[in-house]
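Per-entry structural report
Here is how the chains run, residue by residue.
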Amino acid sequence: QVQLVESGGGLVQAGGSLRLSCAASGRTASTYAMGWFRPAPGKEREFVATISRSGGTTYYADSVKGRFTISRDNAKNTVYLRMNSLKPEDTAVYYCASAPYNSLSNNVYKYWGQGTQVTVSS
């Protein structure tokens, strides 16, 4: 069992930055790949970014590539999502999740956090 708690969301103007955190408890986060997702029209949860267990491999959705950076600190059991150059269309609840391996599909992720709201004003 893994418990995930997101934090760091808030209200920011377009062009601004935020850093989301996802703290894991229970089985150590280093045993899992981690991902970030957000709701999208027609989808329950849209893939945003994922990072491998070691942190050596990352993947991003095309919509955030070059603006968002996923990282992890296994000593702290925490995963981060640095979001730069935010746009109003990035407004969403952001969820972190853990999976046995890197995947762009939310069906692979077993444990989910409760989400943190990000609102980008124009």
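See the structure shown above.
Quick caveat: nothing in here was measured; it's all calculated off a predicted structure.

Helix and strand counts for the protein come out as zero helices and 11 strands. Beginning at the N terminus, the succession of helices and strands in the protein can be written as β-β-β-β-β-β-β-β-β-β-β. Its C-alpha atoms give the protein a radius of gyration of 13 Å, near enough to 14 Å, the size a compact globule of 122 residues would have. Taking all contacts inside the protein whose residues are at least 6 apart in sequence as the whole, residues at least 24 apart take part in 57%. Accessible surface computed for the protein: about 5,900 Å², of which carbon and sulfur atoms make up 48%.

The subject of this paragraph is the side chain of arginine 67. Its place among the elements puts arginine 67 in the loop between strand S6 (58-60) and strand S7 (68-73). At 2.9 Å, the side chain of arginine 67 forms a polar contact with the backbone oxygen of serine 63. Non-local contacts of arginine 67, meaning those with residues more than four positions away in its chain, are made with Arg82, Met83, Asn84, Ser85, Leu86, Lys87 and Asp90.

On to the pairing of strand S4 (residues 33-40), then. Most of S4 sits inside the fold, with seven of its eight residues counted as buried. Looking at chain direction, S4 and strand S5 (residues 43-51) are connected through six bridges and run antiparallel. What sits directly across from arginine 38, in S5, is glutamate 46. What sits between the antiparallel neighbours S4 and S5 is a turn of two residues, in which glycine 42 has the positive phi angle 80 degrees.

The full count for this structure, using the stated rule, is four salt bridges. The shortest N-O distance in the salt bridge between glutamate 46 and arginine 38 comes to 3.0 Å. Judged by relative accessible area, arginine 38 falls into the buried class, the value being 6%. A salt bridge links aspartate 90 to arginine 38, with the nearest nitrogen and oxygen atoms 3.0 Å apart. Here aspartate 90, found in the loop between strand S8 (78-83) and strand S9 (92-99), pairs with arginine 38, found in strand S4; they are 52 residues apart in sequence, far enough to count as distant. As far as the burial class goes, aspartate 90 and arginine 38 line up, both buried.

This part is about the packing of aromatic side chains. Applying the stated criterion across every chain yields a total of five aromatic pairs. Their ring planes at 55 degrees and their centres at 5.1 Å tell us that phenylalanine 37 and tryptophan 112 sit as a pair that is tilted. Remark: tryptophan 112 occurs in strand S10 (residues 111-112) and phenylalanine 37 occurs in strand S4; sequence separation between them is 75 residues. The exposure class assigned to tryptophan 112 is partly exposed, which follows from its relative accessible area of 24%. Grouping aromatic residues by their ring pairs yields a cluster made of Phe37, Phe47, Tyr109 and Trp112. The ring of tyrosine 95 is capped by arginine 45, whose NZ or CZ atom sits 4.1 Å from the centre of that ring.

Conventions used here
The numbering scheme is per chain: residues are counted from 1 as the chain's sequence reads. Owing to the predicted nature of the model, reporting of local features is limited to residues with pLDDT of at least 70; listing and counting of side-chain atom pairs is limited to 80 or more, with chain, interface and lining totals taken over all residues. Calculated side-chain values reflect all of the structure's heavy atoms, with hydrogen atoms and water omitted. Here a strand is any run of E in DSSP of at least two residues, a helix any run of H or I of at least four, and the numbering for each starts at the N terminus. The reference for a compact globule is 2.2 Å times residues^0.38; the radius of gyration itself is calculated from the C-alpha atoms. Any two residues having at least one pair of non-hydrogen atoms within 4.5 Å are treated as being in contact. Note that accessible areas follow from Shrake-Rupley with a 1.4 Å probe, and for residues the cover is restricted to the protein chains shown. Within 3.5 Å is the distance limit for a polar contact, defined as a pair of N or O atoms, with the added protein rule that one can donate a hydrogen and the other accept it, and that residues adjacent in sequence qualify only through two side-chain atoms. Accessible area is worked out with a 1.4 Å probe on protein chains only. A residue is then buried under 20% of its type maximum, exposed over 50%, and partly exposed in between. Note on pairing: DSSP must find at least two bridges between two strands before they are called paired. The term salt bridge refers to a pairing of a side-chain nitrogen on Lys or Arg with a carboxyl oxygen on Asp or Glu at a separation within 4 Å. Aromatic pairs are defined between Phe, Tyr and Trp rings, using the six-membered ring for Trp, whenever the two ring centres lie within 6.5 Å; interplanar angles under 30 degrees are classed as stacked, those over 60 as edge-to-face, and all others as tilted. A ring has a charge above it when a Lys NZ or an Arg CZ is no more than 6 Å from the ring centre and no more than 35 degrees off the ring normal.

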